[in-house]
Amino acid sequence: MPRLSEVITALENLWPAERAESWDAVGTVVGEPDQEVTRVLFAVDPVQEIVDEAVKLGADLLVTHHPLYLRGTTTVAASHFKGRVVHTLIKNDIALHVAHTNADSADPGVSDALAGALDLRVVGPLVPDPTDTSGRRGLGRVCEVDPPMTVRELAARAAERLPATAQGIRVAGDPEATVRTIAVSGGSGDSLFDQVRAVGVDAFLTADLRHHPVSEARAHSPLALLDAAHWATEWPWCELAAAQLDEISDRHGWDLRVHVSRTVTDPWTSHSPSPGAPN
């Protein structure tokens, strides 16, 4: 069985910490470098529900997309929910490793997994990484829709293919407009409107779209917007990442058991449509 330090080295080769945004907090949060690893669980959120799942599974390593501590802290006391996560991990000899914006910009990365879930053909990154001479890394992805679909059909595909959430898929724009090209970005994407307009796509699928940026984007152009739940747009990466670690395990003869959590940790739990609202 590999030691944690060996598995972490493999993960850092996939998602180097230096490629994370300057404000981000990635890497190993909890873990003894010499401990053996036999079972790994991938998830989006390092919340108590996921940590309890890792305990029940008998995992030695939990890999999440979202950081546990994005900002500094002065305590890991179990009286706080994040402290309870740390205590549970340590008591059960479970390491925690985070790959966040370094996984967003990877090749393949979070948006590749999102595009794959929707059967979109990736053309290239939406915001290319200037340090990548191959032109494949960067934030978001520009994709072709083949054959072309209406906005309504594309929203229905996203609702069907992405994990079910209370939000579903919200749409801004003409539902009958034809989509031949689309930009996708897992997670919050309304900071990318300038780049999306610059590449001239017909639609943009992302999450956490806010009123004013959407209103302004619609005033700028006929760009159709598809807004999914944040968690749902990033969950496909867990399956991609697990497959990548599986391949590494096979190559090294580690015989790791690699799992993907299907626990829905999207914070929204129900949805009541307004009577007479547009469908």
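Check the entry above for the structure.
Values in this document were obtained by computation on a predicted structure and should not be read as measured data.

Colleague: What is the right way to read the environment of serine 221 from this model?
Modeller: Inspection of the secondary structure assignment puts serine 221 in the loop between α8 (211-220) and β10 (224-228). When its relative accessible area of 21% is taken as the criterion, serine 221 is described as partly exposed. Sequence separation between serine 221 and alanine 77 is 144 residues, and the spatial gap between their C-alpha atoms is 50 Å.

Colleague: Honestly, the side chain of threonine 265 in this entry has me stumped. Any pointers?
Modeller: For threonine 265, the location among the structural elements is in the segment after β11 (257-260). A distance of 2.6 Å separates polar atoms of two side chains, one belonging to threonine 265 and the other to aspartate 45. Among the polar contacts made by the side chain of threonine 265, one reaches the side chain of tryptophan 231 at a distance of 3.2 Å.

Colleague: Just checking my understanding: could you explain the packing of aromatic side chains for this structure?
Modeller: Aromatic rings in a pair are described by how distant their centres are and how their planes are angled relative to each other. Evaluated as defined, the whole model comprises 3 aromatic pairs. On the numbers, 6.3 Å between centres and 75° between planes, the contact of phenylalanine 42 with tryptophan 237 is edge-to-face. Of the two residues, phenylalanine 42 is situated in strand β2 (residues 39-43) and tryptophan 237 in helix α9 (residues 230-252); the sequence distance between them amounts to 195 residues. Among the residues examined, phenylalanine 42 registers a relative accessible area of 0% and is labelled buried. Through successive ring pairs, a cluster of aromatic residues spans Trp15, Phe42 and Trp237.

Colleague: What should I look at first to understand the layout of surface pockets in this one?
Modeller: Rolling a probe over the atoms, with the probe sized like a water molecule, indicates the empty space that remains. Empty space within the largest pocket amounts to approximately 1200 Å³. Residue lining of the largest pocket: 37 residues in total, with Gln167, Ile169, Arg170, Val171 and Asp227 positioned closest to the centre. Going through the elements one at a time, α6 (151-161), β7 (170-172), β10 and α9 are the ones with two or more residues in the lining of the largest pocket. Here the lining of the largest pocket takes 5 residues from α6, the largest share from any one element. Taken together, the residues of the lining of the largest pocket break down into 22 nonpolar, 8 polar and 7 charged.

Colleague: I would appreciate a short explanation of the environment of alanine 77 in the present structure.
Modeller: Note that alanine 77 resides in the loop between β3 (61-64) and α3 (81-91). Assessed through its relative accessible area of 32%, alanine 77 is described here as partly exposed. Distance in space between the C-alpha atoms of alanine 77 and histidine 87 is 8.1 Å, their sequence separation being 10 residues. Filtering out sequence-adjacent residues up to four positions away, alanine 77 remains in contact with Gly83, Arg84 and His87.

Colleague: Can you walk me through the packing of helix α1 (residues 4-14) against α9 in this structure?
Modeller: Any two packed helices are characterised by the angle at which their axes cross and by the distance between the axes. Where α1 contacts α9, the two axes come as close as 11 Å, and the packing angle between them is 125°. When the interaxial angle is binned, α1 and α9 end up oblique. Every pair of crossing elements has a handedness; the one defined by α1 and α9 is right-handed. Taking contact as the criterion, the partners of Val7, Ala10, Leu11 and Leu14 in α1 are, on α9, Gln244, Leu245 and Ile248. Of the residues in the contact of α1 with α9, the class split is 6 nonpolar, 1 polar and no charged.

Colleague: What exactly am I supposed to notice about α3 here?
Modeller: Working note: α-helix, 3.6 residues per turn, so residues spaced by three or four point in the same direction. Listed as buried for α3 are Gly83, Val85, Val86, Thr88 and Leu89. Looking at the buried residues of α3, the elements they touch are β1 (27-30), α2 (48-57) and β4 (95-98). Looking one or two residues past α3, aspartate 93 carries a phi angle of roughly 55°, positive in sign.

Colleague: Would you explain the sheet that holds β1 in this entry?
Modeller: Paired through backbone hydrogen bonds, the strands of a sheet run either parallel or antiparallel to each other. Spatially, the 5 strands line up as an open sheet ordered β1-β4-β3-β2-β11, and their pairing is mixed. One side of each edge strand has no neighbouring strand; the edge strands of this open sheet are β1 and β11. When the angles between neighbouring strand axes are averaged without regard to direction, this sheet yields 25°. Both β2 and β11 contribute to a ladder of 4 bridges, which runs parallel. Looking at β11, one finds that valine 40 is bridged to valine 258. Against the sheet, α9 engages β2, β3 and β11, with an angle of about 175° to β11.

Colleague: Hey, could you run me through unusual backbone geometry in this one?
Modeller: The bulk of non-glycine residues show a negative phi, and the bulk of peptide bonds are trans. Cis peptide bonds are those with omega within 30 degrees of zero, and the linkage from aspartate 107 to proline 108 qualifies with 0°. Following aspartate 146, the chain continues into proline 147 via a peptide bond in cis, with omega recorded as 0°. Inspection of the secondary structure assignment puts proline 147 in strand β6 (residues 138-150). Phi is positive for aspartate 119, close to 60°, though the residue is something other than glycine. Inspection of the secondary structure assignment puts aspartate 119 in the loop between α5 (110-117) and β5 (121-128).

The rules behind the values
Residues numbered from 1 in each chain as written. Predicted model: local features only at pLDDT ≥ 70, side-chain atom pairs only at ≥ 80, totals over all residues. Heavy atoms only, no water. Helix = DSSP H or I, 4+ residues; strand = E, 2+ residues; numbered from the N terminus. Buried < 20%, exposed > 50% of the residue type's maximum accessible area, 1.4 Å probe, protein only. Polar contact = N/O pair within 3.5 Å; in protein donor to acceptor, adjacent residues only side chain to side chain. Phe/Tyr/Trp six-rings, centres within 6.5 Å; stacked < 30°, edge-to-face > 60°. 1 Å grid on protein atoms, 1.4 Å probe; cavity = no way out; pocket = protein on both sides within 12 Å on 5 of 7 lines; lining within 4 Å. Points joined across faces, edges and corners; volume = space filled by probe spheres on them. Nonpolar A, V, L, I, M, F, W, Y, C, P; charged D, E, K, R; others polar. Contact = heavy atoms within 4.5 Å. Axes fitted to C-alpha atoms, helices over the stretch in contact; angles between N-to-C directions. Parallel < 35°, antiparallel > 145°, perpendicular 65-115°, else oblique. Left-handed = near helix turned anticlockwise from the far one by under 90°. Pairing = 2+ DSSP bridges.

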